[in-house]
Protein chains: 4
Amino acid sequence: MAAFDVVIRGGQVATAADLFTADIGIKDGRITALGHELAKGDEEHDARGKLITPGGIDAHCHIDQKSSFGVPGADDFFTGTRSAACGGTTTVLSFAAQHKGMSLRQVVKDYHALATPKAVIDYGFHLIISDPTEQVLGQELPALIKDGYTSFKIYMTYDLLKLNDREILEVFSLARREGAFVMVHAENHDTIAWLSQKLLDAGHKAPKFHEVSRPQPVEREATHRAITFAELIDVPILIVHVSGREAIDQIRWAQSRGLKIFAETCPQYLFLSAEDLDQPGFEGAKCMCSPPPRDKANQPYVWRGLETDVLNIISSDHAPYRYSDAENGKLRGAQDGFKKVPNGVPGLEVRMPLLFSEGVGKGRIDIHRFVAITATTPAKLYGLAPRKGSVAVGADADLVIWDTDKQVTISQDLLHDAMDYTPYQGITVTGWPAVTLSRGEAVWRDGKFLGKPGRGKFLPRALSPMVKPRGQFWSGFDPNSGRYTG
Amino acid sequence: MAAFDVVIRGGQVATAADLFTADIGIKDGRITALGHELAKGDEEHDARGKLITPGGIDAHCHIDQKSSFGVPGADDFFTGTRSAACGGTTTVLSFAAQHKGMSLRQVVKDYHALATPKAVIDYGFHLIISDPTEQVLGQELPALIKDGYTSFKIYMTYDLLKLNDREILEVFSLARREGAFVMVHAENHDTIAWLSQKLLDAGHKAPKFHEVSRPQPVEREATHRAITFAELIDVPILIVHVSGREAIDQIRWAQSRGLKIFAETCPQYLFLSAEDLDQPGFEGAKCMCSPPPRDKANQPYVWRGLETDVLNIISSDHAPYRYSDAENGKLRGAQDGFKKVPNGVPGLEVRMPLLFSEGVGKGRIDIHRFVAITATTPAKLYGLAPRKGSVAVGADADLVIWDTDKQVTISQDLLHDAMDYTPYQGITVTGWPAVTLSRGEAVWRDGKFLGKPGRGKFLPRALSPMVKPRGQFWSGFDPNSGRYTG
Amino acid sequence: MAAFDVVIRGGQVATAADLFTADIGIKDGRITALGHELAKGDEEHDARGKLITPGGIDAHCHIDQKSSFGVPGADDFFTGTRSAACGGTTTVLSFAAQHKGMSLRQVVKDYHALATPKAVIDYGFHLIISDPTEQVLGQELPALIKDGYTSFKIYMTYDLLKLNDREILEVFSLARREGAFVMVHAENHDTIAWLSQKLLDAGHKAPKFHEVSRPQPVEREATHRAITFAELIDVPILIVHVSGREAIDQIRWAQSRGLKIFAETCPQYLFLSAEDLDQPGFEGAKCMCSPPPRDKANQPYVWRGLETDVLNIISSDHAPYRYSDAENGKLRGAQDGFKKVPNGVPGLEVRMPLLFSEGVGKGRIDIHRFVAITATTPAKLYGLAPRKGSVAVGADADLVIWDTDKQVTISQDLLHDAMDYTPYQGITVTGWPAVTLSRGEAVWRDGKFLGKPGRGKFLPRALSPMVKPRGQFWSGFDPNSGRYTG
Amino acid sequence: MAAFDVVIRGGQVATAADLFTADIGIKDGRITALGHELAKGDEEHDARGKLITPGGIDAHCHIDQKSSFGVPGADDFFTGTRSAACGGTTTVLSFAAQHKGMSLRQVVKDYHALATPKAVIDYGFHLIISDPTEQVLGQELPALIKDGYTSFKIYMTYDLLKLNDREILEVFSLARREGAFVMVHAENHDTIAWLSQKLLDAGHKAPKFHEVSRPQPVEREATHRAITFAELIDVPILIVHVSGREAIDQIRWAQSRGLKIFAETCPQYLFLSAEDLDQPGFEGAKCMCSPPPRDKANQPYVWRGLETDVLNIISSDHAPYRYSDAENGKLRGAQDGFKKVPNGVPGLEVRMPLLFSEGVGKGRIDIHRFVAITATTPAKLYGLAPRKGSVAVGADADLVIWDTDKQVTISQDLLHDAMDYTPYQGITVTGWPAVTLSRGEAVWRDGKFLGKPGRGKFLPRALSPMVKPRGQFWSGFDPNSGRYTG
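Residues numbered from 1 in each chain as written. Chains lettered and ligands numbered in written order. Predicted model: local features only at pLDDT ≥ 70, side-chain atom pairs only at ≥ 80, totals over all residues. Heavy atoms only, no water.

As a further point, take the interface of chain B and chain C. Residue-level contacts link 34 residues of chain B with 34 residues of chain C. Summing both sides of the interface, chain B and chain C together bury roughly 2500 Å²; the carbon and sulfur share of this comes to 54%. B:Lys260 is the salt-bridge partner of C:Glu307, the closest N and O atoms lying 2.5 Å from each other. At the surface where chain B touches chain C, the tally comes to 13 residue pairs in polar contact (both at pLDDT 80 or more). For the side of chain B that touches chain C, the secondary-structure elements that each account for two or more residues are strand S2 (19-27), strand S3 (30-35), helix H8 (245-256), helix H10 (299-307) and helix H12 (367-381) of chain B. A breakdown of the residues in the side of chain B that touches chain C according to their chemical character gives 13 nonpolar, 13 polar and eight charged. With three bridges joining them, S3(B) and strand S3 (residues 30-35) of chain C adopt antiparallel strand pairing. (Contact = heavy atoms within 4.5 Å. Buried area = accessible area lost by both parts, 1.4 Å probe. Salt bridge = Lys/Arg side-chain N within 4 Å of Asp/Glu carboxyl O. Polar contact = N/O pair within 3.5 Å; in protein donor to acceptor, adjacent residues only side chain to side chain. Helix = DSSP H or I, 4+ residues; strand = E, 2+ residues; numbered from the N terminus. Nonpolar A, V, L, I, M, F, W, Y, C, P; charged D, E, K, R; others polar. Pairing = 2+ DSSP bridges.)

Right, here's the structure in full:
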């Protein structure tokens, strides 16, 4: 056997299926051996008594993106990926966001220019489709899919981004034909607009009215609608950032009928609640995201969804808007009310520790489920497996060595993003990454960030194995019966 | 006791609650007494051994209306109400249909001009709102509601009629404020348009593709969406012409959660099926309506919905387009395909006999439920009770004396509308009206139509007792909790 | 028209379907006319401005019955029916309860001997079958059914009464064959016994542990099981005294699948809660019944069940055990704990006023639904229609003239049973019977009881129209498919 | 690194989470390394281009057991485990079955005596509890659990085996206290007995009436009941051999409410149907098992249950009764009818190939799900992980090298059990084990069985990690609220 660049000794390794004690041998950034008493490596980590998991994949985060509000987020690819790495995440999937009139190809180029010199860990891009012209659907998208941009996100709300029902059908149809994977932001646009207007007209400007303006039925309705379109086109989709029990019930119903509906949730729906929007002054804005956190009684439903695989992955939906910034931050809405506040909360760095502590530590999910929802399943869904998402021979050596007993009280001054607050301030967790390795290289160790900007590599992605190419809408469709037969 | 103009002797009277044997005394068109051995009337009907029910209320029919296809229906108010009367229906609620740019007030005037000289039985108008301008919502509608036009219908599909989600919210909000009642045609517009285009592009023009272009999920989705809006505004609504089990499941779910969602179905969903659209030549067009009839296995679900009060009323949705008419009839689509065919089937005359024979006669529903869904509940829902819809002291003497043993094989040459076909041709029913009385006057007896054009009277309607006025959207709404408290 | 013995002038009459203003003419105890300006009666009631409903039918009450605890209840047929009459109830269906080894025919004779000299209003008997021997099933029951005892109740719990699964199947099979109607007390016996033993072993004796020993899943399980047996035999049944949302969900599920499952609830599940069992001293025993009242959040589910016809009737389940009686009353358990307390609460007199005030008065149900669930539907289900249960020509003149504005604070000293407490003490209701007429005779007027013991008549009952005789288990059963075809 | 006894070169390894190409190094029967270019082993297998999965765990099979019918099965531990090994199964969990009056400890001894000299692969025992005396529950069971018999099965039907509800509660309570895991055979006993009697009385003796005598509601009811008991005791359980959609719906409902209900299905519910019971002569008996296979339309529901993790594992429920044996085989019932036929079908050898071909090969489940339900999840549920059930460092080298393209038409003469028929005769599958290794030793290769009787070892099992010991029924139970708080 070839010698190793790095060997991690004697850790207890958790995958989505297994738990075993082994040395991990790493060569050229990949795991080349798992075994007992492996030969010596040029570099060694002593992991005896430590838990090792795959590095996290954060499949939903907004880095250096001009948001749907026209305001830029606080993090660039350096601060964003640095923060991720320090929290045990080794891959991020960020967005290349089209706005009306833009060429998708150009959009992709622009985001590469932002990421290449700065990324610390590996990254890929989902495309955001907001202008599905014939040019985009007929030429740009098929070519980009072939180039490794195999997933895209669409919005059912936000003035600048939303697609109408017919556009959604077109995008789903293209996804089916090309084997690409569509992520859906599911909230009913008109209802939010209408309720917001009524609330503001009545003088209700505080952050807490953000939740009142987009209650659970708003999310449930759009979720049901997206499911219906996916059912009609017979194409798998994923509902992003599912917040509450009403949407969860729709998704479970769809899955139980045999539809391939996948779903994601985020830490904000497990750890925050609508009460957090109702704070003195404008502080509630710190917890504003869309969909909003729901009542506290809702949180166990989201945990249960993760446990029973109704919710398949957890992402941060990191959308970093500083609080004390009247132009591009949360205070932007202090004057004119909640509609002006950019939506989103940061979460790249705390996603893994929060879930580890409150999920695995408190017995809500087991360690295998933790690995599955933070790494293995996102890797499979988004065409990164087998390179990413597990601890297996041949995979990139993206690993977290955990200090499972370490108690940390979350505080913004401990974090490595460009924010001025974290909505999780004050929560004490047990367990934190001791070492994060990206392709075998420690980028975080003993409380120190060790990564270099630009070392992260772009990840062109395969078609999702969950979503097989199936040609035209008509392939397998029997117009006489109106049913798919293939 | 005053003498009677008319007395009906010894019939067995069925109401939605009771079954009893009594003479019915009628004075000035109203029932003034029910009892044994009533005094003699100027006119007498011997009903011994006969069943008497309230005259039917057909709460959904299109008479002398220019359709959403821009083509006129075959029936005017004479032929339409004549046909109704001969089939045991004594009240029709037809539509005063606004198209874009029209004044609602003018629309109403126009329809009165059509109805006044011709109607044979009493009638009212629902308003169709297709252009909810500020003028319409702010002034015309509130005034018209006060004048007795207390219900209106909106469409979620059809290019010329459909409202978008925000307009629906506005209309629901107005209904809540004014105590009016909204009927919803629930199908997803974009999906139908998209599927139709794909089908036609692929050369699928036959009538059977009409059903393929609007499968059950299309109806289910819009039903769910309408329910969501009603839930958010907290206003009762009625889903018209529910066709299939998927929509029924949504409605039952809503009702079980305490929402006031009412629903209507039609004979075409009990007696026709998608197979009927697939016939030699273009004959299938005779059974085209929207939503379309579903598979045969669906029919028992609709019956069960009627039995268990998930579906509350049955109407004909009479929409009379002759078959052999290439300009305004079904053959209009023979050349260019199913999208050109005007949607709708006739049913005013056969609704009551079909339901009596196959419902009561076959034991699927009992006689009380028959009365409830054909007369009493429509009367209550649409503000016609206690004047219409039952056999009770004080009510109009709108009655049907049934020949419960008469066997009739339905055939267009027996019917009294202006059509050239009936989709129910060849069905043999047991039971047919022997006499239909409208305000005490026989308009159908012994197989002869006896009514006079113009004798029918307009019925201004009260607010529905199911729908109490509740002021602004904000009344009872606690913006802090986001919940209605009143 | 013949003259009238009694005429009630100008009241507003409510039936399960209609609301109309009419005089009511009564001759020989029956309604012979409804009309305007009826001829004069020998006796006249001025009901102008008053509401008139059918007299209540309390289809589930225990009068002069030795209970399953071996202890007699407090009321005999005089005090029991007097109490009913004063509260607007004009018919009671009580039980003739078999215990092991008894001849059913003898049981019936014994209960007649108790009722005949004392009953103030009309009455019938359900049979309780606790010993379904061949003699009972093969001979006694078929003969008793023909004699007008067309319904019987079985128990899934109580040591002295419970049938095992096989016996239940036999009884259901007989009911199917004879067209009789079975009522089921659905709680899982072994679970209650096991939980009670564990609780008592741990020293938990207080009344509140009664609810802990029979939580909702205990009722849900037995309800599901009874539904399964009814499904297999294809026979309609009624679940008595449904207490909570979990059982309600099972019943709605069954109904939505087309099964003829009927259900009853009682005032204790609308007005009491488990909190009422947790009172100082042993006072909580006053609210002990089986199934027990649930948490307060459960009450709206029961109201909704009544509103949507998932729950079809409301009865009192009057089971009168005095509080301060250490031998036959609630204090019997003060020493040895909750298992010794006889289960049951009184309710004959307050059922109608409670439901009228909190149901109709508060808008939870409308007046028609009130009439349906208190009178019309029980009459139909138990073979009393058309003689009882409505205000219609030919029906017995069993009527309530309501003083709809009268405020009454319920207190035991206002009531007319033999109890020493009411669990509803202190509840203020709006609306109370001003006059109760039984077959045209006022038995309660202006706060005075006017009835005579022995005037009440036994009501032999027809087979329920809901339950048609269908012969052997095999009739309509296709053993090849395992499905019923007829 | 130490040298290897065996190295498997270059195979593509599938686990429940991952798919990777690696050499597998084996030492002393365990996997000690996974990697590229491992050092040479004493023995080498060339697996390039081949798929490798964990050896199957058949967690439900009856070997050398006297059945509930008092008749012995055809297989002893040699033929049974040989058959398993030849089909890719490397671990069996068989039953040590108590009958009334027996000491459990003695039962276990007896089964060891049968297994020790004959078993070819490793094995463990579930205990069957049919006589839960104080001696059994208080002493024998707790001791046996400590000795590695950590799971037991109970029956809700079969005269000789069934527990009543109270006994089930006691067993569940003990399981909770000791941390043991209960498997439940869920069918309603009395209903089966009653229906069977009626069928036989009517002369219906053929095998097809077996299904008529235990239709889906019979299984659904008992499943609901078992779930209720598990909910009340708050203890995880597993429902064995789930056959149909009605039981599946109950299980999904329980899981969605947060209950730890696990479930198993078997090949007979995916590949056989009730039609197979209806064959000329008595041939249908070959497919008789309990619960019986259902209609063909049911099969996709079972597949979907496996796919969505509502059904967690698949076992054979191998119960080998020869056909042509009038004493101990299927023909035992030829004279007196279906009740005399011993229930059960063989399946040890074909379980893995059937599921691989029709599941993975046809795209109904992916390779990871195949591994999970055939090996990894049973290992975790029954306390065999991490030693069994995966391909991981430290695990036993129980492996299958697949010939994924090999087409085999199943025929009894290819199989290695002691049967004279297989119900799957004539089914052609694609994919069959090329080599089966048990602790590194090939027991099946190139179509030859290579194992030795007695080489299989007994597996004492840990408590299931799914089922943590929680002490008495009272631990965590708050009698005041009636809820578990811990």
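With that settled, the discussion passes to the relation of the copies chain B and chain A. For the pair chain B and chain A, the best superposition has an RMSD of 0.0 Å and corresponds to a rotation of 180° with a translation of 0.0 Å parallel to the axis. Classification of the inter-copy transformation places it as that of a two-fold axis. (Least-squares fit on C-alpha atoms with pLDDT ≥ 70 in both.)

Viewed as axis vectors pointing N to C, helix H5 (residues 189-201) of chain C and helix H4 (residues 165-178) of chain D meet at an angle of 50°, and their least axial separation amounts to 8 Å. Judged on the interaxial angle alone, H4(D) and H5(C) are oblique. The handedness of the crossing between H5(C) and H4(D) is right-handed. Where H5(C) abuts H4(D), its residues C:Asp190, C:Thr191, C:Ala193, C:Trp194, C:Gln197 and C:Lys198 lie against D:Asp165, D:Arg166, D:Leu169, D:Glu170 and D:Ser173. Residues belonging to the contact of H5(C) with H4(D) are distributed by class as follows: three nonpolar, three polar and five charged. (Axes fitted to C-alpha atoms, helices over the stretch in contact; angles between N-to-C directions. Parallel < 35°, antiparallel > 145°, perpendicular 65-115°, else oblique. Left-handed = near helix turned anticlockwise from the far one by under 90°.)

Now for the sheet that holds strand S11 (residues 237-239) of chain C. The strands that make up a sheet are held in pairs by hydrogen bonds between backbone atoms, and each pair lies either parallel or antiparallel. Residue and element names in this part refer to chain C. Taken together, the eight strands give an open sheet; going across it, the order is S6-S7-S8-S9-S10-S11-S12-S13, and neighbouring strands pair in parallel fashion. Unpaired on one side and paired on the other, strand S6 (56-58) and strand S13 (313-314) mark the two borders of the sheet. Strand direction decides the pairing type here: strand S8 (residues 122-128) and strand S9 (residues 151-155), joined by two bridges, are parallel. From the neighbouring strand, Leu-127 faces S9, where its bridge partner is Phe-152.

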